[in-house]
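Residue-level structure breakdown
Next come the chains, spelled out residue by residue.
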Amino acid sequence: MKQFKEVNKTALKTLKGQITKDITLMVKSWYFIIILGAAILIILDLLYTNSINKKSQIITLVSYNLGLKSNIISTIYNSNTENYLNPILLIIPAIIISDDIENKNFTILKLLNFNTVEYVIGKFVSSMILIFAIVLCFSLIGEFYIFYNGYIITSGVIIDPFLVSLALMSILVMPVTFVLFLSSILPNKGFSIISVFLIYPISFEISSRISSVYGTSGLSILNMFLFSISGFSANLPLYLMHSELYTSSNYLKPGNSIFIIELASIVLFTLTCISIFLRKNSVSIRNIIKSRFHSFIGRIFNEN
């Protein structure tokens, strides 16, 4: 029992160190400044477009019955913002994991014989923390916009943006794990970033083609998976805040999307661990395969 506690303590210390390192390096890099700046500019531009009554999909919901949280979500996160913001947010996990692979950090970790599961958990947690910080900025901007448009200040002015941000993170869990897996099998961050920007249009196009055949009711698991990957489950945060609120026009029903996000995230996390394990032990695996192959060829020639 004592040895088990010591192992857990060491694992937590290693995990904490890795998360601290990833977040510190990312925040200090120019990548994060560009990502944060671009995301905020997009939000401000979309809100400005809405405020001057131009054609926009943003719903300026100022409803005292639904509460501040629902107003914030409906204002800052919808199908229009997802087209622009999701790819930008997903650059963070792409850079966090591919940066190690591209430079010598991964080589150094291989020499230290790092724990694969801890490594992937660290990358996931680091990505979610940084994305949460940006999403919180969205919530605060949305809150200010709502109050500016006449919504009466309530007691939730401080805590509601945090609750909204947590709800929004729920639909980003699976895209983040998907990007971590994708980046773990790609050679460098350039390919990872390009792949991130291709996720939304490709998944949307494939899903639309499936919908044209099967319709929007009774969609296959594949179609719901694709819509979750692209972040097109904007009804889920509202469902988490108010179970009676979700638009039936969305392709994903809340109950189905929650199940798919949880299940697919676990599968993608496992695949990422396998990918990192194979990268970590690539030399020894290659040597084993080569040895077995030579042994097999030698046995064939000896029999002949």
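Structure first, text after, so check above.
Description of the overall build of the chain
Broken down by element type, the chain carries 13 helices and 0 strands. Scanning the chain from its N terminus toward the C terminus, one meets helices and strands in the order α-α-α-α-α-α-α-α-α-α-α-α-α. Put simply, the chain has 304 residues, and 46% of those count as buried. Within the chain, counting contacts between residues at least 6 apart in sequence, those at least 24 apart form 78% of the total. Surface summary for the chain: the accessible area is close to 16400 Å², and the carbon and sulfur share equals 67%.

Regarding the pattern of salt bridges
One pass over the structure, following the stated rule, counts 6 salt bridges. We note a salt bridge from Lys-123 to Asp-22, for which the minimum N-O separation is 3.0 Å. Linking Lys-123 in helix α6 (residues 116-148) with Asp-22 in helix α1 (residues 2-28), this pair joins segments that are 101 residues apart in sequence. The two residues Lys-123 and Asp-22 agree in class, both being buried. Between Asp-99 and Lys-189 there is a salt bridge, with its nearest N and O atoms 2.9 Å apart. Of this pair, Asp-99 sits in helix α4 (residues 79-102) while Lys-189 is found in helix α9 (residues 189-214), placing the two residues 90 residues apart along the sequence. Assessed through its relative accessible area of 26%, Asp-99 is described here as partly exposed. On the basis of relative accessible area, Lys-189 is assigned to the buried category, the value being 10%.

A short note on the packing of α6 against helix α8 (residues 173-185)
A pair of packed helices is captured by two measures, namely the crossing angle of their axes and the spacing between those axes. One can describe the packing of α6 onto α8 by two numbers: an axis separation of 10 Å at closest approach and a directional angle of 130°. One way to sum up the angle between α6 and α8 is to call them oblique. Crossing hand, α6 versus α8: right-handed. Here Lys-123, Phe-124, Ser-127, Met-128 and Ile-131 of α6 lie close against α8, whose contacting residues are Val-173, Val-176, Thr-177 and Leu-180. Split into classes, the residues belonging to the contact of α6 with α8 amount to 6 nonpolar, 2 polar and 1 charged.

Thresholds, definitions, all that
- The residue numbers shown here count from 1 along each chain, following its written sequence.
- Residues qualify for local features only when their pLDDT is at least 70, as the model is predicted, and side-chain atom pairs are given and counted only at 80 or more; totals for whole chains, interfaces and linings, by contrast, use all residues.
- As a rule here, side-chain values come from all non-hydrogen atoms in the structure, and water together with hydrogens is ignored.
- Strands are runs of DSSP state E lasting at least two residues, helices are runs of H or I lasting at least four, and both sets are numbered from the N terminus onward.
- Type-normalised accessible area, obtained with a 1.4 Å probe on protein chains alone, sets the label of each residue: buried when under 20%, exposed when over 50%, and partly exposed for intermediate values.
- Residues count as neighbours in contact if any of their non-hydrogen atoms are within 4.5 Å of one another.
- Areas reported as accessible are Shrake-Rupley estimates using a 1.4 Å probe. Residue values count occlusion only from the protein chains shown.
- Note on definitions: salt bridges are taken to be side-chain nitrogens of Lys or Arg within 4 Å of carboxyl oxygens of Asp or Glu.
- Only the stretch in contact is used when fitting a helix axis, every axis being a line fitted to C-alpha atoms; angles between N-to-C directions are given from 0 to 180 degrees.
- Oblique is the label for any angle not under 35 degrees, not over 145, and not in the 65 to 115 range, which are roughly parallel, roughly antiparallel and roughly perpendicular in turn.
- The handedness criterion is simple: a crossing whose near helix is rotated anticlockwise from the far helix by less than a right angle is left-handed, and one whose near helix is rotated clockwise is right-handed.
- Three classes are used: nonpolar for Ala, Val, Leu, Ile, Met, Phe, Trp, Tyr, Cys and Pro, charged for Asp, Glu, Lys and Arg, and polar for all others, with Gly counted as polar.

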